[in-house]
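# Notes for the structure review
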Amino acid sequence: MVKGLIGKKIGMTQIFDEAGVAVPVTLIEAGPCYVTQVRLPEKEGYAAVQLGFGEVAPKRLTSGELGHLKKHALPPLRFLREFRLKNTDCKVGDKVTVDVFGVGERVDVVGTSKGKGFAGVVKRYHFSGGIKTHGASDRVRAPGASSSTTTPGRVYKGTRRAGHMGNARVTAQGLKVVLVDPERNLLGVRGAIPGPKGGLVLIKEARKQ
Amino acid sequence: MIDLNKNFGTEINPNIPELRPGDTVSVHVRIKEGGRERIQEFKGMVIRLRKGGNNANFTVRRTASNGIGVERTFLMHSPRIDKVVVERHARVRRAQLYFLRGRTGKRATLKQKFD
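To start, this report covers the structure provided alongside it. Owing to the predicted nature of the structure, the values given are computational and were not obtained by experimental measurement.

### Describing a positive patch on the surface
A contiguous patch of positive charge, built from Lys-114, Lys-116, Lys-123, Arg-141 and Lys-197 of chain A, is present on the exposed surface. By secondary structure assignment, the location of Lys-123 of chain A is in helix α2 (residues 121–125).

Next comes the structure, spelled out in structure tokens:
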């Protein structure tokens, strides 16, 4: 069984557990996915499974993509993503649905975080900025000193500065599955996941169990 | 994409009747203390109702001792609400009765509506 899924983030809500406590939940429209390729250590040098998600009109894909899917009589799929898995016990054409994950399991969710553009150090690295009063109104969100003086006479590599923030691959690790609905292809995980509503996410078994 | 405001998993608590702003209600909440479960009553006036799918809630305001106002928000979908008793309706002209916060005593009462 392939322990991986591609999905779309729907958004956050809350549901109640048996004790009546409200649990924050992110809902993901996950699957159905199809196994589109199996990579084997003997052939490709590593074990992985390529999954496809999101049926589209054939004209949305290039003829190369269509040919790759047509070989195994698969529908046209918009997203193809590879999952490094130890257990590649499946064959091309297999359908993967939300029921590969059970309630209570831990998963990692990979997404692309919301882009923040060119951000200053206060937003990007949670610097505290300067003081607001005593004539320092132009240093409220300033980074302060970036290094020492003549020794070393340079700024160390890796010093945190302003720059592009967000729009990067982010993994939310060890999230608990609290809802599995195979009828609506819905998966609910406790807590937040990266990315905007409608963003593509990958769901994997948690690395740190 | 699936509509988030539709309910997922939980239905609105059947013990909650239709509420309106200005209603004087008594909310019975199940509270777990150690192994025991008991019911706590909270009596006051509904000052706002909020929609929003699973997050729908309502706020009840009551005046505790020494005239200190206490507001408590309850989730419409919470299974912990044992029952809600509507004791009276009031004539109100707005949806959120925040103006009651600045009032005490007789000025904080509303005209009763019979129906």
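### Description of unusual backbone geometry
Residues and elements named next belong to chain A. For the bond from Thr-151 to Pro-152, the omega torsion is 5 degrees, close enough to zero to count as cis. Its place among the elements puts Pro-152 in the loop between α2 and β9 (163–165). Phi is positive for Ala-73, close to 55 degrees, though the residue is something other than glycine. Position of Ala-73 among the secondary structure elements: in the loop between α1 (63–70) and β5 (77–83). With relative accessibility at 71%, the residue Ala-73 sits in the exposed group. Positive phi values are uncommon outside glycine, yet His-126 reaches one of about 60 degrees.

### Quick notes on the pattern of salt bridges
Residues and elements named next belong to chain B. This structure, assessed with the given rule, holds 10 salt bridges over all chains. A salt bridge links Lys-43 to Glu-87; its shortest N-O distance comes to 3.3 Å. Placement of the pair is Lys-43 in strand β2 (residues 36–50) and Glu-87 in strand β5 (residues 81–90), with a sequence separation of 44 residues. We classify Lys-43 as partly exposed; its relative accessible area is 44%. The salt bridge partner of Glu-71 is Arg-101, with a shortest N-O separation of 2.7 Å.

### Considerations on the sheet that holds β2 of chain B
Residue and element names in this part refer to chain B. Strand order in the open sheet made by the 6 strands is β4-β3-β2-β1-β5-β6, with antiparallel pairing throughout. At either end of the open sheet lies a strand with only one pairing partner, and these are β4 (69–75) and β6 (112–113). Here 6 bridges tie strand β1 (residues 24–33) to β5, and the two strands are oriented antiparallel to one another. Across the sheet, the residue bridging to Val-27 is Val-84, located in β5.

### Examining the environment of Gly-129 of chain A
Residue and element names in this part refer to chain A. Within the secondary structure, Gly-129 sits in the loop between α2 and β9. What makes Gly-129 partly exposed here is its relative accessible area of 28%. In sequence terms Gly-129 and Thr-149 are 20 residues apart; their C-alpha atoms lie 21 Å from each other. The residues contacting Gly-129, other than those within four sequence positions of it, are Val-122, Arg-139, Val-140, Arg-141 and Ala-142.

### A word on the nonpolar core
Counting 30 residues, the largest nonpolar core has Leu-5, Ile-28, Leu-51 and Ile-203 of chain A as the members making the most contacts within it. Judged by nonpolar contacts, the second largest core, of 14 residues, contains Val-25, Phe-42, Val-60 and Phe-74 of chain B.

### Digging into the packing of aromatic side chains
The description of two aromatic rings rests on the distance between their centres and on the angle between their planes. Residue and element names in this part refer to chain B. The tally for this structure, following the rule as stated, stands at 4 aromatic pairs over all chains. Taken together through their ring pairs, the aromatic side chains of Phe-42, Phe-58 and Phe-74 make up a single cluster. Sitting over the ring of Phe-42, Arg-72 keeps its end group 5.8 Å from the ring centre.

The rules behind the values
- Every chain begins its residue count from 1, and numbering advances along the sequence as written.
- Starting at A for chains and at 1 for ligands, labels are handed out in the order in which the entities are written.
- Side-chain atom pairs in this predicted model are given and counted only at pLDDT of 80 or more, local residue features only at pLDDT of at least 70, and totals for whole chains, interfaces and linings cover all residues.
- Derived side-chain values reflect all non-hydrogen atoms in the structure, with water molecules and hydrogen atoms excluded from consideration.
- Only residues whose relative accessible area exceeds 30% and that form no salt bridge enter a patch; like-charged residues are grouped when within 9 Å of one another, and nonpolar side chains (Val, Leu, Ile, Met, Phe, Trp, Tyr) when within 5 Å.
- Shrake-Rupley sampling with a 1.4 Å probe provides the accessible areas, and residues are treated as covered by the protein chains on show and by no other component.
- A pairing counts as a salt bridge when a side-chain nitrogen of Lys or Arg comes within 4 Å of a carboxyl oxygen of Asp or Glu.
- Positive residues here are Lys and Arg, negative ones are Asp and Glu, while His and the chain termini are left out of the count.
- Note on charges: their place is set at NZ of Lys, CZ of Arg, CG of Asp or CD of Glu.
- Where helices and strands are cited, they refer to DSSP runs of H or I of at least four residues and of E of at least two residues respectively, numbered from the N terminus.
- Buried, partly exposed and exposed residues are distinguished by accessible area as a fraction of the type maximum, computed with a 1.4 Å probe on protein chains only: under 20%, between the cut-offs, and over 50%, respectively.
- Two strands pair under a simple rule: DSSP has to find at least two bridges between them.
- By the convention used here, residues are in contact when the closest approach between their heavy atoms is within 4.5 Å.
- What we call a nonpolar core is a set of buried Ala, Val, Leu, Ile, Met, Phe, Trp, Tyr and Cys residues that are connected through their side-chain atoms within 4.5 Å.
- To pair, rings of Phe, Tyr and Trp, with the six-membered ring standing in for Trp, must have centres within 6.5 Å; the planes then decide the type, stacked if under 30 degrees apart, edge-to-face if over 60, and tilted in the middle.
- By definition, being over a ring means that NZ of Lys or CZ of Arg is both within 6 Å of the ring centre and within 35 degrees of the ring normal.

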